[in-house]
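Examination of the molecular architecture
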Amino acid sequence: MSKTITLTGAAGAIGYAALFRIASGQLLGQNEKIKLKLLEIEPALQAAEGTAMELEDSAFPLLESIDITSDANEAFDGCDVGMLIGAQPRKQGMERADLLEANGAIFKPQGEAINSHADDDVRILVVGNPANTNALIAMSNAPDVPHDRFTSMTRLDENRAVSMLARKLSVSVEDVEDLVVWGNHSPTMFPDLFNAKVNGERAADQVDLDWYENEYMPRVGKRGAAVIEARGASSAASAANAAIDHVHDWALGAEGLHSMAVRSEGQYGIEEGLISSFPVRLHSGGGYEVVEGLEINDFARSKIDITVNELKEERDAVKELGLIG
Ligand code: NAX
């Protein structure tokens, strides 16, 4: 038996950083053979072929086959894991509505293709931005696939938040637990130190609240922009790493709480139907649940409301464009 992994945007920077790790077994473990299906737009097919040549040249024992196509129906045929990385970036002068419309033209047909062709156990991770709303568009156009199979990525935000907190407190990243990011994958996201623990004690009690609100939160939220400024290119290897963490833990389980953007069922007063980042627990046999009953104080509530309001605006915009029902 093997698993079919569909990766979109295969010729892009994140695709290049992810594919070799996926093929080496870091995504689904060393016992799972892998069939790769790479989806790209026509002009990038040749570059995807080049990546496929390098994958072949790596002689990965787990890698059974590589198919490259620009046809979403073919790419999602039999798909067990879909990593939707390819998206339309914001170009200069582009309004938000134009950006959402351009991405709707990608994620609507991909949702339809997943609905018609993916395997019954399909799991989807959307990385391409605006990731939460792109996942909402894909999910809304795949009515036969259970809603909880559509997720988008906030694990990079979580990893950034964990690492920055560990540095601040001069502890190891392993000493930080249950640090979850709420809301949208955008600078409005809320990294929650009230429910996080450092060496078993509440993280918020170990930092200055002024530092938390005025330094830490903006630095976590704007880390992507800081990376672009430093490297002259956006986060690629760290994004690929987070995408692998997300899918790996969803398939195989993980300790503690993690961040995943999933469809809200109304938990924590977050409007039902939005794809928002929540605290999730990942089960060892696969699957996840949103963890309920965490403390949300007034400060956290006000920050969660800001990021969720942004999700509502994006949802309303794509509804107006007819991209979701
Ligand atoms: P690149 O521009 O390097 O690659 C994107 C690739 O997607 C290109 O090869 C392009 O041809 C392809 N593509 C475009 N439309 C497609 C379609 N309809 N079907 C298949 N492929 C298509 O970008 P990269 O650095 O790889 O980033 C990819 C996406 O990840 C961007 O939208 C980026 O904003 C987003 N990110 C999301 C993050 C998250 O945490 N959720 C963090 C990292 C990253 O910024």
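Residues numbered from 1 in each chain as written. Predicted model: local features only at pLDDT ≥ 70, side-chain atom pairs only at ≥ 80, totals over all residues. Heavy atoms only, no water.

1. Considering the overall build of the chain
What counts here: For the purposes of this entry, the term helix denotes a DSSP run of H or I that reaches at least four residues, the term strand denotes a run of E that reaches at least two, and both are numbered from the N terminus. To get the radius of gyration, use the C-alpha atoms; to get the globule rule, take the number of residues to the power 0.38 and multiply by 2.2 Å. The buried label applies to any residue whose accessible area, calculated with a 1.4 Å probe on protein chains only, is under 20% of its type's maximum; exposed applies above 50%, and partly exposed to all values in between. In what follows, a contact means two residues having at least one pair of non-hydrogen atoms within 4.5 Å. Each accessible area value is a Shrake-Rupley result obtained with a 1.4 Å probe; residue values ignore everything except the protein chains displayed when judging cover. All tallies of charge rest on Lys and Arg as positive and Asp and Glu as negative; His and the ends of each chain are not included. Taken as the charge location is NZ of Lys, CZ of Arg, CG of Asp or CD of Glu.
Secondary structure summary: the chain contains 10 helices and 14 strands in total. Computed over the C-alpha atoms, the radius of gyration of the chain is 19 Å, within 12% of the 20 Å expected from 2.2 N^0.38 for a compact globule of 325 residues. Taken along its principal axes, the extent of the C-alpha atoms in the chain is 50 × 45 × 40 Å. Burial statistics for the chain: of 325 residues in total, 51% are counted as buried. In the chain, 71% of the contacts between residues at least 6 apart in sequence involve partners at least 24 apart. Of the roughly 14200 Å² of accessible surface on the chain, a fraction of 46% belongs to carbon and sulfur atoms. The average position of the 28 basic charges and that of the 52 acidic charges among the side chains of the chain differ by 3 Å.

2. Quick notes on the pairing of strand S5 (residues 123-126)
Cut-off, in case you're wondering: Two strands qualify as a pair provided DSSP detects at least 2 bridges between them. Handedness is read with the strands pointing away from the viewer; a crossover is right-handed when the path from the first strand over the helix to the second is clockwise.
Bridging between strand S4 (residues 81-84) and S5 involves 4 bridges; their strand directions are parallel. Directly across from Val81, in S5, lies its bridge partner Arg123. In this fold, S4 hands off to helix H4 (residues 96-117), which returns the chain to S5; that crossover is right-handed. Note that S5 and strand S6 (residues 150-152) share 3 bridges and pair parallel. Residue pairing across strands places Ile124 opposite Phe150, the latter belonging to S6. With helix H5 (residues 131-140) bridging S5 and the parallel S6, this β-α-β connection has right-handed handedness.

3. Here we look at the pattern of salt bridges
For the record, the criterion: Salt bridge, as used here, is a side-chain nitrogen of Lys or Arg placed within 4 Å of a carboxyl oxygen of Asp or Glu.
Evaluation of the coordinates by the stated rule reveals 18 salt bridges. Where Asp178 meets Lys197, a salt bridge forms, and the shortest distance between an N and an O atom there is 2.7 Å. With Asp178 in the loop between strand S7 (176-177) and strand S8 (180-182) and Lys197 in strand S10 (residues 197-198), this pair connects stretches of sequence that are 19 residues apart. On the basis of relative accessibility, which here comes to 28%, the residue Lys197 falls in the partly exposed class. Linked through salt bridges whose partners overlap, the residues forming this network are Arg155, Glu158 and Asp249.

4. Looking at the sheet that holds S7
Ordered by their spatial adjacency, 3 strands build an open sheet running S7-S10-S11, and the pairing between neighbours is antiparallel. What marks the edges here is a single partner per strand, and that holds for S7 and strand S11 (201-202). With 2 bridges connecting them, S7 and S10 associate as antiparallel partners. Its bridge partner being in S10, Val176 is matched across the sheet by Val198.

5. As for unusual backbone geometry
Residue Asn129 is joined to Pro130 through a cis peptide bond whose omega torsion reads -5°. Looking at the secondary structure, you find Pro130 in the loop between S5 and H5. Unusually for a residue other than glycine, Ser170 sits at a positive phi of about 50°. By the secondary structure assignment, Ser170 is in the loop between helix H6 (155-168) and S7.

6. So, the site of the ligand
The condition that has to hold: The nearness test applies per residue and asks whether one of its heavy atoms lies within 4 Å of the molecule or strand. Definition of a polar contact: a pair of N or O atoms within 3.5 Å, with one able to donate and the other able to accept a hydrogen when the atoms are protein atoms, and with sequence-neighbouring residues admitted only if both atoms are side-chain atoms. Cavity: a set of points on a 1 Å grid over the protein atoms alone where a 1.4 Å probe fits but cannot get out. Pocket: an open set with protein on both sides within 12 Å along at least five of seven lines, its lining residues, like those of a cavity, having an atom within 4 Å of a point. Whether a molecule sits in a cavity or pocket is decided by its atoms, more than half of which must lie within 2 Å of the grid points. Residues are sorted three ways: Asp, Glu, Lys and Arg are charged, Ala, Val, Leu, Ile, Met, Phe, Trp, Tyr, Cys and Pro are nonpolar, and all the rest, Gly among them, are polar. What marks off one domain from the next here is an automatic or database domain assignment.
Among the 23 residues in the neighbourhood of the ligand, the closest are listed as Ala13, Ile14, Glu40, Val127 and Asn129. Separating an oxygen atom of the ligand from a backbone N or O atom of Gly12 is a distance of 3.4 Å. Measuring from an oxygen atom of the ligand, one finds a backbone N or O atom of Ile14 at 2.9 Å. Out of a free accessible area of 880 Å², the ligand has 80% covered by protein chains. A majority-of-atoms criterion places the ligand in the largest pocket. Secondary structure elements with two or more residues in the shell around the ligand: helix H1 (13-23) and H4. Looking at the shell around the ligand, its residues break down into 13 nonpolar, 9 polar and 1 charged. Mapping the shell around the ligand onto the domain boundaries places at least three of its residues in each of domain 1 (3-152) and domain 2 (155-316).

7. Comments concerning the environment of Glu229
As for its placement among the helices and strands, Glu229 is situated in helix H8 (residues 223-231). By relative accessible area, Glu229 is classed as exposed at 72%. A C-alpha to C-alpha distance of 35 Å links Glu229 and Glu201, two positions 28 residues apart in sequence.

8. Side note on the layout of surface pockets
What counts is decided by this rule: Grid points are joined across faces, edges and corners, and a volume is the space filled by probe spheres set on the points.
Volume-wise, the largest pocket comes out at about 1600 Å³. The wall of the largest pocket is formed by 48 residues, among which Ala87, Pro89, Val127, Gly128 and Asn129 lie closest to the centre. Among the elements of the structure, H1, H4, H6, H8 and helix H10 (298-320) are those that each provide at least two residues to the lining of the largest pocket. Among the elements that line the lining of the largest pocket, the one with the most residues is H4, at 6 residues. The residue inventory of the lining of the largest pocket, partitioned by class, reads 24 nonpolar, 16 polar and 8 charged. Residue-level mapping places the lining of the largest pocket at the junction of two domains, with at least three residues from each of domain 1 (3-152) and domain 2 (155-316). Put simply, the second largest pocket is a space of about 290 Å³. Along the walls of the second largest pocket sit 13 residues, with Val173, Val176, Glu177, Asp178 and His258 positioned nearest its centre.

From the geometry alone we can't say anything about function, so treat these as descriptive.
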